[in-house]
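# Topology and contacts: notes
These are the residues of each chain, in order.
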Amino acid sequence: MGAALRAVVIEDEEDLLDLLRGHLDRHGYQVSGFGTGQEGLDAARADPPDLIVVDILLPDLDGREVVRRLHADPRTGACPTVVCSVLDAEDLADLPAAAILAKPFGKADVADLMRRLALPRAEVEGN
């Protein structure tokens, strides 16, 4: 089996973080979860992952600012960044994100996201 793909998920709601972790795990991603924008930003910059998922409503840095900083940083600028939010897509159109994952979401929504972004899928036993 090849090396696992890595994802950073920045989500302050633990149940949603766990849900995303499970869905991304099925696609072969090893997920590191962070509950604040600054923690996730620091982690992504320190070791750029294959995918970053950012909630918009975070307790410290606004998710919009996190996405802008990730996009502007040469270490993470090329990494696909997905915005995960209950806000309308039109309200997020100005962000330099690869895609928007609307809350609530399910397994099929995450699978569709992976197809739309043509993200790699690691070989996972049982898939």
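In this report, the structure presented in the accompanying data block is examined. (Residues numbered from 1 in each chain as written. Predicted model: local features only at pLDDT ≥ 70, side-chain atom pairs only at ≥ 80, totals over all residues. Heavy atoms only, no water.)

## Considering the overall build of the chain
Secondary structure assignment for the chain yields 4 helices and 5 strands. Seen in sequence order, the chain has helices and strands lined up from the N terminus as β-α-β-α-β-α-β-β-α. Compactness check: the chain gives a C-alpha radius of gyration of 13 Å against a globular reference of 14 Å for 127 residues, within 12% of the reference. When the backbone C-alpha atoms are referred to their principal axes, the chain occupies close to 40 × 30 × 25 Å. For the chain, long-range pairs separated by at least 24 residues make up 63% of all intrachain contacts whose partners lie at least 6 apart in sequence. For the chain, the exposed area adds up to about 6400 Å²; of that, 50% sits on carbon and sulfur atoms. Side chains of the chain carry 13 positive and 24 negative charges; the gap between the two charge centres is 4 Å. (Helix = DSSP H or I, 4+ residues; strand = E, 2+ residues; numbered from the N terminus. Rg over C-alpha atoms; globule rule 2.2 N^0.38 Å. Contact = heavy atoms within 4.5 Å. Areas by Shrake-Rupley, 256 points an atom, 1.4 Å probe, with all protein chains shown as cover. Lys, Arg positive; Asp, Glu negative; His and termini not counted. Charge placed at Lys NZ, Arg CZ, Asp CG, Glu CD.)

## Structural notes on the side chain of glutamate 11
With respect to the element layout, glutamate 11 can be found in the loop between β1 (5-10) and α1 (14-26). Residue glutamate 11 is classed as buried on the basis of its relative accessible area of 2%. Of the polar contacts made by the side chain of glutamate 11, one reaches the backbone nitrogen of glutamate 13; its length is 3.0 Å. (Buried < 20%, exposed > 50% of the residue type's maximum accessible area, 1.4 Å probe, protein only. Polar contact = N/O pair within 3.5 Å; in protein donor to acceptor, adjacent residues only side chain to side chain.)

## A short note on the nonpolar core
Leu24, Tyr29, Leu51, Val53, Val82 and Leu101 are the most contacted members of the largest nonpolar core, which totals 20 residues. When contributions to this core are tallied by element, the ones reaching two or more residues are β1, α1, β2 (29-34), β3 (51-55), β4 (81-85), β5 (99-102) and α4 (107-117). Of all hydrophobic cores here, the second largest spans 16 residues; its members include Val8, Val54, Ile56 and Val67. (Core = buried A, V, L, I, M, F, W, Y, C linked by side-chain atoms within 4.5 Å.)

## Remarks on a negative patch on the surface
Together, Asp12, Glu13, Glu14, Asp15, Glu39, Asp42 and Asp60 make up a region of like negative charge exposed at the surface. Among the elements of the structure, α1 and α2 (37-46) are those that each provide at least two residues to the negative patch. Along the chain, the position of aspartate 42 falls in helix α2. Accessibility expressed as a relative area gives 39% for aspartate 42, which makes it partly exposed. (Patch = residues over 30% accessible without salt bridge, like charges linked within 9 Å, V, L, I, M, F, W, Y side chains within 5 Å. Salt bridge = Lys/Arg side-chain N within 4 Å of Asp/Glu carboxyl O.)

## Things to note about the pairing of β4
Summarising burial for β4: 5 of the 5 residues are buried, a large majority. Side chains of β4 alternate between two faces, with Thr81, Val83 and Ser85 and Val82 and Cys84 buried alike. The pairing of β3 with β4 spans 4 bridges and is parallel. Residue pairing in the sheet places valine 53 in a bridge with valine 82 of β4. In the classification by handedness, the crossover that spans β3, the intervening helix α3 (residues 63-72) and the parallel β4 is right-handed. Two strands pair when backbone bridges link them, and β4 and β5 are joined in this way by 4 bridges, in the parallel orientation. Bridge pairing links serine 85 to alanine 102 in β5. (Pairing = 2+ DSSP bridges. Right-handed = clockwise from strand over helix to strand, strands pointing away.)

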